[in-house]
Amino acid sequence: MRTGPHLTVDLQAPPAQRWRFDAAQTQQARALLDAYERDLGLARTAADLLVDTLDAMLPDDLRAEHDAVAAALAVPRQKVLLASGYYDAMKAVLGCSAFAVDHGDGVLHGRNLDWWTADGLLRDATLVTRFVGAPAGEFTTVGWPGFLGVFSAVAKGRFAVTLNSVLSDEPPQVALPVVLLLREVLATAPDFATAVATLAATPIPCDCLLLVTGIRRGERVVVERTPGRHALRRAAGPLVVTNDYRQLGAEAAGAASESPIAATSCGRYDALQAELGQAPPRELAACLRPLAQPAVRMTITVQHMAFHAQSGAYAVQLPEPA
């Protein structure tokens, strides 16, 4: 099993002292920030406007942290801010498949992160970060150096959450980027119910699907979001989420049919449902098996992972290049 390096971030420390990258992580972070900026392909005026908008949304502590990371990496702060807004601008190129199954008196949560970058940069730069000193307790994310938001995380004794992309025709709103909202919820929500309620009700800039799992059987839900609406989807058996709305309905789907990622969504959904129905995982590591099957894994899959919120345990596997 190939896993990435680990880092600990103390949120009680001043922002300038939280992130301590080694030489390899510094090099990877700079390369990733360059890649995000290239992918966005924004003209200078548009990039400045996006950065100003993001800056206005940030709480003071997070703004200081973005500044500190930019200083630590010796890059313009615009690059770090653009990374936090990347999902909201580029969600059509992200895929992802995830599932949740009851296990003992808790829940197992599996997830593929599907995101294209040249030369496997996102796979090779994977960084597992343990955040300590948060108001509600510690949490662990699977991400990358230089990226301050959250796509995948577990908060020990509270909940786990993963983000999948989706598209609707609803216009975007000005709000805190989804990946930073997730980090705020991980830092402050004391339990599964609070996390779900916050993620359902808080205004967000764009569409997303959030799989949230708790510490007790049955605590598993997909929060389907557009900027202004939400629906909660549950299931008696395995709960699967890929890249389409299944509770909000056709009126939310809109542009989804135009996304090349969404074109594979149903196939991956059906393959996971079939596999989990026949052989549900009984332990954390076994969650990686259905995620790696050819009908679920994509050529852009960069991380397989699994979480158990009750214990805070996690497993991360970096697939060999497709």
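Use the structure listed above.
A. Broad picture of the overall build of the chain. Summing up its helical and strand segments, the chain has eleven helices and 13 strands in all. In summary, the chain has a C-alpha radius of gyration of 18 Å against a globular reference of 20 Å for 322 residues, a match within 12%. Its C-alpha atoms give the chain principal-axis dimensions of about 50 × 40 × 40 Å. The 322 residues of the chain split such that 58% are buried.

B. Just the pairing of strand β5 (residues 139–143), in detail. Of all the five residues making up β5, five are buried; the element is thus mostly covered by neighbouring parts of the structure. Here β5 shows a buried face lined by Phe139, Thr141 and Gly143 and a second buried face lined by Thr140 and Val142. Here strand β4 (residues 127–132) runs beside β5; their pairing, made up of five bridges, is antiparallel. The residue bridging threonine 129 from the neighbouring strand is threonine 141, located in β5. Connecting the antiparallel pair β4 and β5 is a turn made up of six residues, with glycine 133 showing a positive phi of about 80°. Across two bridges, the pairing between β5 and strand β6 (residues 152–155) is antiparallel. Bridge pairing in β6 links threonine 140 to valine 154.

C. Spotlight on the packing of helix α7 (residues 178–188) against helix α8 (residues 192–201). Where α7 contacts α8, the two axes come as close as 10 Å, and the packing angle between them is 155°. Relative to α8, α7 is oriented roughly antiparallel. Where α7 crosses over α8, the two elements pack in a sense that is right-handed. Touching Leu181, Leu182 and Val185 of α7 are Ala195, Thr198 and Leu199, all from α8.

D. Main features of the packing of aromatic side chains. All told, the structure shown has twelve aromatic pairs when counted by the stated rule. Between tyrosine 86 and tryptophan 115 the ring centres are 5.0 Å apart and the planes differ by 40°, which places this aromatic pair in the tilted class. Here tyrosine 86 is found in helix α5 (residues 86–90), whereas its partner tryptophan 115 is found in the loop between β3 (106–114) and α6 (121–124), with 29 residues between them in sequence. Of the two residues examined, tyrosine 86 and tryptophan 115, each falls in the buried class. Here tryptophan 144 and phenylalanine 147 contribute two aromatic rings whose centre-to-centre distance is 5.7 Å and whose plane-to-plane angle is 65°, an arrangement assigned as edge-to-face. Both residues of the pair, tryptophan 144 and phenylalanine 147, belong to the buried class. Within the aromatic cluster, the residues linked to one another by ring pairs are Tyr36, Tyr86, Tyr87, Trp115, Trp144, Phe147 and Phe151.

E. Layout of α8. Along α8, the residues that are buried comprise Phe192, Ala195, Val196, Leu199 and Ala200. Buried residues along α8 cover an arc of 125° about the axis, so they all sit on one side. Residues of α8 that are exposed and angled more than 90 degrees away from the buried face: Ala193 and Ala201. On its buried face, α8 is in contact with β7 (159–164), α7, β8 (208–213), β9 (220–225) and β10 (230–233).

F. Geometry of the sheet that holds strand β1 (residues 6–10). Judged by pairing direction, the sheet is mixed, and its eight strands sit side by side in the order β1-β4-β5-β6-β7-β8-β9-β10 without closing on themselves. Each having just a single partner strand, β1 and β10 make up the two edges of the open sheet. Averaged over neighbouring strand pairs, the angle between their axes works out to 20° when direction is ignored. Strand direction decides the pairing type here: β6 and β7, joined by four bridges, are antiparallel. If you follow alanine 155 over to β7, its bridge partner there is phenylalanine 159.

Calculation rules
- Residues numbered from 1 in each chain as written.
- Predicted model: local features only at pLDDT ≥ 70, side-chain atom pairs only at ≥ 80, totals over all residues.
- Heavy atoms only, no water.
- Helix = DSSP H or I, 4+ residues; strand = E, 2+ residues; numbered from the N terminus.
- Rg over C-alpha atoms; globule rule 2.2 N^0.38 Å.
- Buried < 20%, exposed > 50% of the residue type's maximum accessible area, 1.4 Å probe, protein only.
- Pairing = 2+ DSSP bridges.
- Axes fitted to C-alpha atoms, helices over the stretch in contact; angles between N-to-C directions.
- Parallel < 35°, antiparallel > 145°, perpendicular 65-115°, else oblique.
- Left-handed = near helix turned anticlockwise from the far one by under 90°.
- Contact = heavy atoms within 4.5 Å.
- Phe/Tyr/Trp six-rings, centres within 6.5 Å; stacked < 30°, edge-to-face > 60°.
- Arc of directions from axis to C-beta.

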